Amino acid sequence: MDYPLLNIFLTTMWVFLWILWLFLLFRVFADLFRDDSLNGWAKAGWTVFVLVLPFLGVFVYLVARGRGMGMREMRRAEKAEADFREFVRTTATTGRAEELEHLVELKNHGDLTPEEYERAKAKVLAA
């Protein structure tokens with residue numbers, strides 16, 4: 001058991017750097033294949049460059065296209081948020097409209113009195 005504390009620290013640092021490198025590599029590949037502005041040949045060229053010379057390829061990619069990575073990620077996040085808000089808006093609106101329609105049917109059928117209808121309608125609109 002002759003493994004000094006400094007060696008433990010250095011081993012931990014190398015493992016952390018290796019994991020950081022893998023995350024960076026996957027991030028570059030994800031950005032590369034999600035980018036619609038690049039054609040297939042450009043994607044193939046970047047892929048070969050990153051696979052043949054991984055360290056140099058990733059660093060050149062970050063220098064050449066790093067600013068665009070952030071912009072593309074921001075656009076993707078904004079689109080996802082807009083899609084989510086639209087989904088929630090249509091779902092919530094549809095749910096209330098259907099409930100109000102059901103209440104009108106119950107009132108017209110005679111199952112609800114006008115007072116019960118007004119209370120139920122106020123409850124649906126308040127929610």
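A brief structural summary. Predicted model only: the values in this text are computed from it and were never measured.

The next subject is the packing of helix α1 (residues 5–34) against helix α2 (residues 40–52). Across the interface, α1 lies against α2 with an axial gap of 10 Å and an inter-helix angle of 170°. Considering their axes alone, α1 and α2 lie roughly antiparallel with respect to each other. Between α1 and α2, the contacting residues are L25, F29, L32 and F33 on the first element and K43, W46, T47, V50 and L51 on the second. Residue classes in the contact of α1 with α2 are distributed as seven nonpolar, one polar and one charged.

Let's shift gears to the pattern of salt bridges. Applying the stated criterion across every chain, the model contains seven salt bridges. Put simply, R72 and D31 hold a salt bridge, and the shortest N to O gap is 2.7 Å. Taken as a pair, R72 in helix α3 (residues 54–109) and D31 in helix α1 lie far apart in primary sequence, 41 residues in all. Here K121 ties to E118 by a salt bridge, and the two come within 3.9 Å at their closest N and O atoms. Linking K121 with E118, this pair stays in helix α4 (residues 114–126), spanning three residues, or about one helical turn.

On to the packing of aromatic side chains, then. The way to describe two aromatic rings as a pair is by their centre distance and the angle between their planes. By the definition in use, this model includes five aromatic pairs. Ring geometry for W21 versus F55: centroids 4.4 Å apart, planes at 35°, classification tilted. Within this pair, whereas W21 is found in helix α1, its partner F55 is found in helix α3, the two being separated by 34 residues in sequence. For W21, a relative accessible area of 10% corresponds to the buried category. Taking 6.3 Å as the distance between ring centres and 15° as the angle between the ring planes, the aromatic pair formed by F29 and F33 counts as stacked. Note that F29 and F33 are positioned in helix α1 at a spacing of four residues, about one turn of the helix. Note on F29: relative accessible area 16%, which makes it buried. Given the relative accessible area of 48%, F33 is considered partly exposed. Put simply, the rings of W21, F55 and F59 touch in pairs and so form one group of aromatic residues.

Where like charges cluster on the molecular surface, the negative patch consists of E98, E99, E101 and E105. Mapped onto the fold, E98 is located in helix α3.

Parameters and conventions
- Residues numbered from 1 in each chain as written.
- Predicted model: local features only at pLDDT ≥ 70, side-chain atom pairs only at ≥ 80, totals over all residues.
- Heavy atoms only, no water.
- Axes fitted to C-alpha atoms, helices over the stretch in contact; angles between N-to-C directions.
- Helix = DSSP H or I, 4+ residues; strand = E, 2+ residues; numbered from the N terminus.
- Parallel < 35°, antiparallel > 145°, perpendicular 65-115°, else oblique.
- Contact = heavy atoms within 4.5 Å.
- Nonpolar A, V, L, I, M, F, W, Y, C, P; charged D, E, K, R; others polar.
- Salt bridge = Lys/Arg side-chain N within 4 Å of Asp/Glu carboxyl O.
- Phe/Tyr/Trp six-rings, centres within 6.5 Å; stacked < 30°, edge-to-face > 60°.
- Buried < 20%, exposed > 50% of the residue type's maximum accessible area, 1.4 Å probe, protein only.
- Patch = residues over 30% accessible without salt bridge, like charges linked within 9 Å, V, L, I, M, F, W, Y side chains within 5 Å.
- Areas by Shrake-Rupley, 256 points an atom, 1.4 Å probe, with all protein chains shown as cover.
- Lys, Arg positive; Asp, Glu negative; His and termini not counted.
- Charge placed at Lys NZ, Arg CZ, Asp CG, Glu CD.

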